[in-house]
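Notes for the structure review
Chain by chain, the residues:
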Amino acid sequence: MIINRITAKDGVNVSIHLDNDETLIISGEVVLKFGLRKNDVVSDEIYTALLNENQKYKIKQSALNFLGRRIHSAYELKNKLRKKKFDSELIDEVINSLKVSGLLNDKEFADRFTAELLLRKKSGINKIKAELIKRGIDRNIISNLLNSLDTGSNQVEQAKEIATKKLASLQKRIDDKLKLKQRVYSFLFSKGYDYDTINSVIGELFNPED
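Let me begin by describing the structure that accompanies this report. (Residues numbered from 1 in each chain as written. Predicted model: local features only at pLDDT ≥ 70, side-chain atom pairs only at ≥ 80, totals over all residues. Heavy atoms only, no water.)

**Considering the pattern of salt bridges**
As a reminder of what qualifies: One side-chain nitrogen of Lys or Arg within 4 Å of one carboxyl oxygen of Asp or Glu is enough to make a salt bridge. A run of H or I in DSSP becomes a helix once it reaches four residues, and a run of E becomes a strand once it reaches two; helices and strands are each numbered from the N terminus. The classification of residues rests on relative accessible area computed with a 1.4 Å probe and restricted to protein chains. Under 20% of the type maximum is buried, over 50% is exposed, and intermediate values are partly exposed.
Enumeration over the complete set of coordinates arrives at 13 salt bridges. Salt-bridge contacts for Glu76 lead to Arg135; the nearest nitrogen and oxygen are separated by 3.4 Å. Placement of Glu76 in helix H3 (residues 74–83) and of Arg135 in the loop between helix H6 (125–134) and helix H7 (139–148) is noted, with a sequence separation of 59 residues between them. Classification of Arg135 by relative accessible area gives buried; the value is 17%. The salt bridge involving Lys107 is made with Asp111; its shortest N-O contact spans 3.2 Å. Of the two residues, Lys107 and Asp111 are both situated in helix H5 (residues 106–119); the distance of four residues between them amounts to about one turn of the helix.

Structural data, given as structure tokens:
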């Protein structure tokens, strides 16, 4: 195949018109990378490589759009790209290149995501661990991260803070002390606090006879 002409299509892509009446829509960046010009011969190998490179360009642009909105784990990003029907092998290549360039870092994601769960959502350690696993974070990263956290008394204080607010809200419509205790217990459990933390908070908020 021979390139009859190359014309601008929009601000990103160009049209490559081949002598077999086929027209390829390729990003200008990819065309420059291949150094394509009018009258160049496009072999089957170059043709395939050109399409693959253009596909990787689209995948990368899509990935960067996602990352521009918020930080992602590699697992999250890969799943979003797969939903856009991109080739799985090419997705993996792009994901790896983003990791090498530092634009995708699961440890950084885990640190920032954990900080958000602790500070903004007041989540317990079990909830944090489950959410990180759900997002495909390596268990060694999770283990090291959770071991580095200053938990213990902080978790009890945090759990007591949100439990006190929850209890005040529940007391407006529930009089039964046992039901109140059960609802607060379930609430803290759903937030990811362990049994020891929950029992400690329940013991502070309710008298033994309650």
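Anyway, onward from the coordinates.
**With respect to the packing of aromatic side chains**
Convention followed: Pairing of aromatic rings covers Phe, Tyr and the six-membered ring of Trp, with a centre-to-centre limit of 6.5 Å; geometry is then stacked below 30 degrees between planes, edge-to-face above 60, and tilted otherwise.
Following the criterion strictly, the structure yields two aromatic pairs and no others. On the basis of an interplanar angle of 15° and a centroid distance of 5.4 Å, the ring pair of Phe109 and Phe113 is categorised as stacked. Remark: Phe113 and Phe109 occur in helix H5; sequence separation between them is four residues, near one turn of the helix. There is no split in this pair, since Phe109 and Phe113 are both buried.

**Here's the deal with the environment of Ala8**
Definition in use: Residue contacts are counted whenever heavy atoms from the two residues lie within 4.5 Å of one another.
You can see Ala8 is positioned in strand S1 (residues 3–8). Residue Ala8 is classed as exposed on the basis of its relative accessible area of 69%. When the C-alpha atoms of Ala8 and Leu180 are compared, they prove to be 68 Å apart, with 172 residues separating the residues in sequence. Setting aside anything within four residues of it in sequence, one finds Ala8 in contact with Asn13 and Val14.

**What about the nonpolar core?**
We count it as follows: Side-chain atoms within 4.5 Å link the members of a nonpolar core, which is a set of buried Ala, Val, Leu, Ile, Met, Phe, Trp, Tyr and Cys residues.
Counting 16 residues, the largest nonpolar core has Leu180, Val184, Leu188, Tyr193, Val201 and Phe206 as the members making the most contacts within it. Elements that contribute at least two residues to this core include exactly helix H8 (153–170), helix H9 (177–190) and helix H10 (195–205). Broken down by element, this core gets its largest block of residues, six residues, from H8. If near-sequence neighbours (up to four positions away) are discounted, Val184 is found in contact with Ala163, Leu167, Leu170, Ile202, Leu205 and Phe206.

**Focus: the pairing of S1**
Stated formally: Any two strands with at least two DSSP-identified bridges between them are counted as paired.
When S1 meets strand S2 (residues 13–18), the two strands line up antiparallel, connected through five bridges. Bridging from a neighbouring strand, Ile3 pairs with Leu18 of S2. Between S1 and S2, which follow one another and run antiparallel, lie four residues.

**Structural notes on the pairing of S2**
Burial of S2 is extensive: six of the six residues sit out of reach of the surface. Of the two faces of S2, the one carrying Asn13, Ser15 and His17 and the one carrying Val14, Ile16 and Leu18 are both buried. Across five bridges, the pairing between S2 and strand S3 (residues 23–27) is antiparallel. Along S3, the bridge assignment pairs Ser15 with Ile25. The loop that links S2 with its antiparallel partner S3 comprises four residues; one of these, Asp21, has a positive phi angle of about 70°.

**Here we look at H9**
Applicable threshold: In this scheme, a helix's expected span is set at 1.5 Å multiplied by one less than its residue total. The reported arc concerns the directions from the helix axis to the C-beta atoms and nothing else. Polar contacts, as used here, are pairs of N or O atoms within 3.5 Å; protein pairs need one atom able to donate a hydrogen and one able to accept it. Residues neighboring in sequence count only if both atoms are side-chain atoms.
An ideal rise of 1.5 Å per residue puts 20 Å on 14 residues; H9 measures up with 20 Å between its terminal C-alpha atoms. Among the residues making up H9, those that are buried are Leu180, Val184, Phe187 and Leu188. The arc that holds the buried residues of H9, viewed along the axis, is 95°, so those residues lie on one side. Measuring from the side-chain oxygen of the N-cap residue of H9 to the backbone nitrogen of Leu178 gives 3.0 Å; that N-cap residue is Asp176. Two residues or fewer after H9 comes Gly192, characterised by a positive phi angle close to 95°.

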